[in-house]
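If you want the building blocks of each chain, they are given just below.
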Amino acid sequence: MNYPGHGWPQQPYGGYAPRPNTAPAYIAAALFVVCGVFSLVISILSISRSTRTVEMFIAVPGMAFSEDITGNGDFGYSTGISVGCTFTVLGLLLAFRLAFVRWLLVALGGLVAAYYVYAVIKVLADGGGEFVAALALALVLWLITEVAVLLPPVGQAMRGRPH
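The following refers to the structure shown. (Residues numbered from 1 in each chain as written. Predicted model: local features only at pLDDT ≥ 70, side-chain atom pairs only at ≥ 80, totals over all residues. Heavy atoms only, no water.)

1. Section: helix α4 (residues 74-95)
Compared with the 32 Å implied by 1.5 Å per residue over 22 residues, the 32 Å span of α4 between its first and last C-alpha is a close match. Within α4, the full set of buried residues consists of Gly 76, Tyr 77, Gly 80, Val 83, Gly 84, Phe 87, Thr 88, Leu 90, Gly 91 and Leu 94. Residue Arg 97 follows α4 closely and has a positive phi angle near 60°. (Helix = DSSP H or I, 4+ residues; strand = E, 2+ residues; numbered from the N terminus. Expected span 1.5 Å × (residues − 1). Buried < 20%, exposed > 50% of the residue type's maximum accessible area, 1.4 Å probe, protein only.)

Right under this line is the structure:
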């Protein structure tokens, strides 16, 4: 006989272990999609000179390196669009709870967050403190997303089979 508190642990009702909560994985996926769409939108809008503001222009991923590499905004635009498309697609794949995508997003998202740290420092060092608000917003958004995907409940949600 198996008494509570003695011997082997009791099986849950029905003999099946409870399913992990999948909401954290979907929340992390939604955050990455938001980051990707944000990068995509500001990159596309910055191409048009009529809708561009200085804050939006410098918030495009890769724009801090653009002047050094091409002498114009082309490198920043293409990098921003690539970042936007990549993270939107990977965020959608994370919603399907593919475990390898989580670690790919951690690595690539860390690079983007590190870029935004560099860009904030560069703009502040160049005396553009009044233009740093959009960069700071993007940095905070990417950092929140990175922390969210690294939380243990997201890892637990990735272990279960997709339903």
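The discussion continues.
2. Some points on unusual backbone geometry
Phi at Arg 97 is positive, roughly 60°, even though this residue is not glycine. Looking at the secondary structure, you find Arg 97 in the loop between α4 and α5 (99-125).

3. A closer look at the side chain of Arg 102
Note that Arg 102 resides in helix α5. Despite being buried, Arg 102 has no salt bridge partner; Glu 146 is the closest side chain of opposite charge, sitting 9.7 Å away. Residues in contact with Arg 102, not counting those within four places in the same chain, are Leu 94, Val 149, Leu 150, Leu 151, Val 154, Gly 155 and Met 158. (Lys, Arg positive; Asp, Glu negative; His and termini not counted. Salt bridge = Lys/Arg side-chain N within 4 Å of Asp/Glu carboxyl O. Contact = heavy atoms within 4.5 Å.)

4. Thoughts on a nonpolar patch on the surface
A grouping of Val 89, Leu 93, Phe 96, Leu 98, Phe 100 and Leu 104 is seen on the molecular surface, where their side chains present a nonpolar patch of about 550 Å² in accessible area. Within the secondary structure layout, Leu 93 lies in helix α4. (Patch = residues over 30% accessible without salt bridge, like charges linked within 9 Å, V, L, I, M, F, W, Y side chains within 5 Å. Areas by Shrake-Rupley, 256 points an atom, 1.4 Å probe, with all protein chains shown as cover.)

5. Regarding the environment of Ser 39
Inspection of the secondary structure puts Ser 39 in helix α1 (residues 23-47). Take Ser 39: its relative accessible area is 0%, and that puts it in the buried class. Along the sequence, Ser 39 and Tyr 77 sit 38 residues apart, while their C-alpha atoms lie 9.9 Å from each other. Every residue in contact with Ser 39, bar those within four places of it in the chain, is listed here: Pro 61, Gly 80, Val 83, Gly 84 and Trp 142.

6. Section: α5
Between its terminal C-alpha atoms α5 stretches 39 Å, which fits the 39 Å expected from 27 residues at 1.5 Å a residue. If you check which residues of α5 are buried, you get Val 101, Arg 102, Leu 105, Val 106, Gly 109, Val 112, Ala 113, Tyr 115, Tyr 116, Ala 119, Val 120 and Val 123. Looking at the residues trailing α5, positive phi occurs at Gly 127, about 85°.

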